[in-house]
Amino acid sequence: SLEAFAVALLAAVAAADGDGQRARRGADEAGAILDALNDEAVVSEIGTLMVLGWTNRWLGRFAAAERDLRRGIRLARATGRFFFLCQTTVAAVRPLLALGRLDDALATAQEAVEFARLAGDQPHTVAAYCELATVHYALGDATSALQAADDAARIKAPQMLPIAAQPGWCRGLALIAA
């Protein structure tokens, strides 16, 4: 519904503005709207699931983020909406990491890299490689973390913040662990 998208977007803005209370209220409201809809009705709302997933991720509500992003991934796959598949898969890695689901995080990060590369989406390919580097770091594999960070740095993506800084940050983490 357009209402769910508007509420989720306002929650994301509140989270970015540092108003956690307003962001949580909005995320809860948008989540309740989407939870009341069956998958058929939500197919056109994959973007809302993505915004809500990111918002919950920013708020540290990782189980809610993972649930919404996983639903978005499932619906994007089923409907061939590759743009959303790429974005929701990249976004789903960090909640899985935070929940301690390292094997799932690794598999999701590897999928995110493939989806972003296939889409030719340079900013999300950088982000996906950085997520992969972070997962390898969490797994204690500094060599693979460094490789993924270097792969991210080699991509000629637009210099958008915060994407422009991610490869260097991930590379630094890997070097510290090495």
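Residues numbered from 1 in each chain as written. Predicted model: local features only at pLDDT ≥ 70, side-chain atom pairs only at ≥ 80, totals over all residues. Heavy atoms only, no water.

Trainee: What exactly am I supposed to notice about the overall build of the chain here?
Mentor: Along the chain, the regular secondary structure elements total 10 helices and zero strands. The order of α-helices and β-strands along the chain, N terminus first, is α-α-α-α-α-α-α-α-α-α. Here the chain has a C-alpha radius of gyration of 16 Å; the compact-globule value for 178 residues is 16 Å, and the two agree. C-alpha extents for the chain along the principal axes are approximately 45 × 35 × 30 Å. When the 178 residues of the chain are sorted by exposure, 49% land in the buried category. Look at the contacts in the chain between residues 6 or more apart in sequence, and 61% of them connect residues 24 or more apart. Taken as a whole, the chain presents about 8500 Å² of accessible surface, with 57% of it coming from carbon and sulfur. (Helix = DSSP H or I, 4+ residues; strand = E, 2+ residues; numbered from the N terminus. Rg over C-alpha atoms; globule rule 2.2 N^0.38 Å. Buried < 20%, exposed > 50% of the residue type's maximum accessible area, 1.4 Å probe, protein only. Contact = heavy atoms within 4.5 Å. Areas by Shrake-Rupley, 256 points an atom, 1.4 Å probe, with all protein chains shown as cover.)

Trainee: I'm lost on the pattern of salt bridges in this one. Help?
Mentor: Opposite charge on two side chains lets them pair, provided their charged atoms get close. Inspection of every chain in the model, using the stated rule, returns 15 salt bridges. In this structure, the salt-bridge partner of D35 is R67, at a minimum N-O distance of 4.0 Å. With D35 in helix α2 (residues 20-35) and R67 in helix α5 (residues 62-79), this pair connects stretches of sequence that are 32 residues apart. Residue R70 is joined to E66 by a salt bridge in which the shortest nitrogen-to-oxygen separation is 3.3 Å. Within this pair, R70 and its partner E66 are both found in helix α5, separated by four residues, close to a single helical turn. Overlapping salt bridges bring together E66, R70, R101 and D104 as one network. (Salt bridge = Lys/Arg side-chain N within 4 Å of Asp/Glu carboxyl O.)

Trainee: Would you mind going over the side chain of R57 with me for this structure?
Mentor: Positionally, R57 belongs in helix α4 (residues 46-58). Under the relative-accessibility criterion, R57 is labelled buried at 13%. When neighbours within four sequence positions are excluded, R57 is seen to be in contact with F62, A65, V90, A91, R94, P95 and E131.

Trainee: Just checking my understanding: could you explain helix α9 (residues 142-154) for this structure?
Mentor: The α-helix advances 3.6 residues per turn, and as a result positions three or four apart in sequence lie on the same side. Between its terminal C-alpha atoms α9 stretches 18 Å, which fits the 18 Å expected from 13 residues at 1.5 Å a residue. Those residues of α9 that sit buried are A142, A145, A148, A149, D150, D151 and A152. In this fold, the buried residues of α9 make contact with α8 (122-138) and α10 (166-177). (Expected span 1.5 Å × (residues − 1).)

Trainee: Which parts of the structure should I look at to understand the nonpolar core?
Mentor: If you look at the biggest cluster of nonpolar residues, it comprises 48 residues, and the most contacted ones within it are L52, A128, Y129, L132 and V135. It is helix α6 (residues 82-98) that contributes the most residues to this core, nine residues altogether. What L132 contacts, discounting residues up to four positions off in sequence, is L106, A109, Q110, V113 and A148. (Core = buried A, V, L, I, M, F, W, Y, C linked by side-chain atoms within 4.5 Å.)

Trainee: Looking at this structure, how should I read the packing of helix α1 (residues 2-16) against α4?
Mentor: When two helices pack together, you describe them by how their axes are tilted relative to each other and by the distance separating the axes. Relative orientation of the contacting elements α1 and α4 amounts to 25 degrees, with a least axis distance of 9 Å. One way to sum up the angle between α1 and α4 is to call them roughly parallel. Read as a crossing pair, α1 and α4 show a hand that is left-handed. Residue-level inspection shows A4, F5, A8, L9, A11, A12 and A15 of α1 in contact with α4, the latter providing T48, V51, L52, T55 and W58. Residues belonging to the contact of α1 with α4 are distributed by class as follows: 10 nonpolar, two polar and no charged. (Axes fitted to C-alpha atoms, helices over the stretch in contact; angles between N-to-C directions. Parallel < 35°, antiparallel > 145°, perpendicular 65-115°, else oblique. Left-handed = near helix turned anticlockwise from the far one by under 90°. Nonpolar A, V, L, I, M, F, W, Y, C, P; charged D, E, K, R; others polar.)

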